[in-house]
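So the chains spell out like this:
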Amino acid sequence: MEKCRHAVITGGEGELAGAIAGELNARGYLVDSPAHGELDVTNPEQVASYFSERPDIMLLINAAGLTRDAAFGRLSTADRDLVFDVNLTGALRCSREAIRQMVRARNPGHVIQIGSFAALHGNSGQSAYAAAKAGLIGFTHSIAREFGRRDIRANCILPGFLRTRMTADLPPEVIENVRAQHCLDHFTTPQDTARFIATLDSLPGISGQVFNLDSRITRW
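Treat the numbers as computed from the prediction; the structure is a model and nothing was measured. (Residues numbered from 1 in each chain as written. Predicted model: local features only at pLDDT ≥ 70, side-chain atom pairs only at ≥ 80, totals over all residues. Heavy atoms only, no water.)

1. Things to note about the nonpolar core
Our working rule: Buried residues of nine kinds, namely Ala, Val, Leu, Ile, Met, Phe, Trp, Tyr and Cys, make up a nonpolar core once their side-chain atoms join them within 4.5 Å. The rule is simple: take the accessible area with a 1.4 Å probe, protein chains only, and divide by the maximum for that residue type; under 20% is buried, over 50% is exposed, in between is partly exposed. Only DSSP runs of H or I with at least four residues qualify as helices, and only runs of E with at least two residues qualify as strands; both kinds are numbered from the N terminus onward. Between two residues, a contact is recorded if the distance between any of their heavy atoms is within 4.5 Å.
Formed by 28 residues in total, the largest nonpolar core has its most connected members in Leu39, Phe51, Ile57, Leu60, Cys94 and Ile143. Top element by residues in this core is helix 4 (residues 127-147). It accounts for 7 residues. Discounting residues that sit within four places of it in the chain, Cys94 has contacts with Thr10, Leu39, Val41, Val47, Phe51, Leu60 and Asn62. Leu24, Val31, Ile112 and Ala194 belong to the second-largest nonpolar core, a separate cluster that totals 21 residues.

2. A word on the packing of aromatic side chains
Threshold: Working definition: rings of Phe, Tyr and Trp (its six-membered ring) pair if their centres are within 6.5 Å, and the pair is stacked with planes under 30 degrees apart, edge-to-face with planes over 60 apart, and tilted otherwise. Here, a charge over a ring means that NZ of Lys or CZ of Arg falls within 6 Å of the ring centre while also lying within 35 degrees of the ring normal.
Scanning the entire structure with this criterion turns up 3 aromatic pairs. On the basis of an interplanar angle of 80 degrees and a centroid distance of 5.3 Å, the ring pair of Tyr50 and Phe51 is categorised as edge-to-face. In this structure, Tyr50 and Phe51 share a single accessibility class: buried. Sitting over the face of the ring of Tyr50, Arg54 holds its NZ or CZ atom 3.6 Å from the ring centroid. Sitting above the plane of the Phe117 ring, Arg216 keeps its charged end 3.8 Å from the centroid.

3. Comments concerning the environment of Asp79
Along the chain, Asp79 falls in helix 3 (residues 77-105). Along the primary structure Asp79 and Ala128 are separated by 49 residues, whereas in three dimensions their C-alpha atoms are 8.7 Å apart.

4. With respect to helix 5 (residues 172-180)
Stated precisely, the cut-off is as follows: By definition, the arc is the one covered by directions from the helix axis to the C-beta atoms.
If you check which residues of helix 5 are buried, you get Ile175, Val178 and Arg179. The buried residues of helix 5 occupy an angular sector of 100 degrees when projected down its axis, which confines them to one face. The outward face of helix 5, more than 90 degrees from its buried face, is lined by the exposed residues Glu173 and Ala180.

5. Some words on the sheet that holds strand 2 (residues 30-32)
For clarity, the threshold we go by: Two strands pair under a simple rule: DSSP has to find at least two bridges between them. Note on geometry: axes are C-alpha line fits, over the in-contact stretch for helices, and angles between N-to-C directions span 0 to 180 degrees.
Taken together, 6 strands build an open sheet; the order of strands is 2-1-3-4-5-6 and the sheet is parallel. The sheet is open, and its two edges are formed by strand 2 and strand 6 (209-212), each paired on a single side. Looking at each pair of strands side by side, their axes are set apart by 20 degrees on average, direction ignored. Pairing geometry for strand 4 (residues 109-114) and strand 5 (residues 152-158), over 6 bridges, is parallel. Looking at strand 5, one finds that Gly109 is bridged to Ile152.

6. Points about the packing of helix 1 (residues 15-26) against helix 6 (residues 190-201)
Helix packing geometry: the angle between the two helix axes and the distance between the axes. The line we're drawing: Roughly parallel here means an angle under 35 degrees, roughly antiparallel means over 145, roughly perpendicular means 65 to 115, and every remaining angle is called oblique. Helix crossings are classified by the rotation of the near helix relative to the far one: an anticlockwise turn of less than a right angle makes the crossing left-handed, while a clockwise turn makes it right-handed. Ten residue types, Ala, Val, Leu, Ile, Met, Phe, Trp, Tyr, Cys and Pro, are classed as nonpolar, four, Asp, Glu, Lys and Arg, as charged, and the remainder, Gly among them, as polar.
Contact geometry for helix 1 and helix 6: axes closest at 8 Å, N-to-C directions at 45 degrees. Relative to helix 6, the element helix 1 lies oblique. Every pair of crossing elements has a handedness; the one defined by helix 1 and helix 6 is right-handed. Facing Glu15, Leu16, Ala19, Ile20, Glu23 and Leu24 of helix 1, the residues of helix 6 in contact are Pro190, Gln191, Thr193, Ala194, Arg195, Ile197 and Ala198. Considering only residue class, the contact of helix 1 with helix 6 consists of 8 nonpolar, 2 polar and 3 charged.

7. Regarding the pairing of strand 1 (residues 6-9)
Consecutive side chains along a regular strand alternate between the two faces of the sheet. To be explicit about the condition: Note on handedness: a clockwise path from strand one over the helix to strand two, with the strands aimed away from the viewer, defines a right-handed crossover.
Residues His6 and Val8 point to one face of strand 1 and Ala7 and Ile9 to the other, with burial holding for every one of them. In the sheet, strand 1 pairs with strand 2 via 3 bridges, with the strands oriented parallel. Among the inter-strand pairings, Ala7 is bridged to a residue of strand 2, identified as Val31. Once you follow strand 1 into helix 1 and on to strand 2, the crossover reads as right-handed. One ladder, built from 4 bridges, connects strand 1 with strand 3 (residues 57-62); its direction is parallel. Paired with Ile9 across the two strands is Ile61, which belongs to strand 3.

Encoded structure:
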């Protein structure tokens, strides 16, 4: 009998993490989707302890994230550091601990980073967020190369503009401007992203890739 895949999704309070958890559960995964109180990705000791209790992890999805938007000249040091600590350093912490468990168990593992279109085209007022998400792309490529021979994959997903609590307070004109950049006149949904991630995990020959999940056309 095929082994049930154990998945951990960080940022469990978010709507995207919830959609991913629901999709993976429906496909027979064992899913942990810890909220901030259970897994604070900015706390190294808590991260190490959390993953030490999950030696059978086979899929990590780093979905914890936040924004602190401000013009670069007005961005406080505290907000800049927090954006990096959650979006980039937190993902590195969790990836390191999860990969350690995958290597020890000799499990075929998969680490998926939730990136952002901002990593490719930094938005005004999102310098720290764009830089942190761009870092995830380079990190994805590096760990894909380092751990490929151990059958551990790494990929990065750019979900596109999602209508979630994170974007709920944006002015209507900003939302419409983003929509106008899409070839299709609609946005991707958390459920679309969740289905893509579940399908990607079922395809063992794909690693080191970045997937943009909306209809904005861009060049690397």
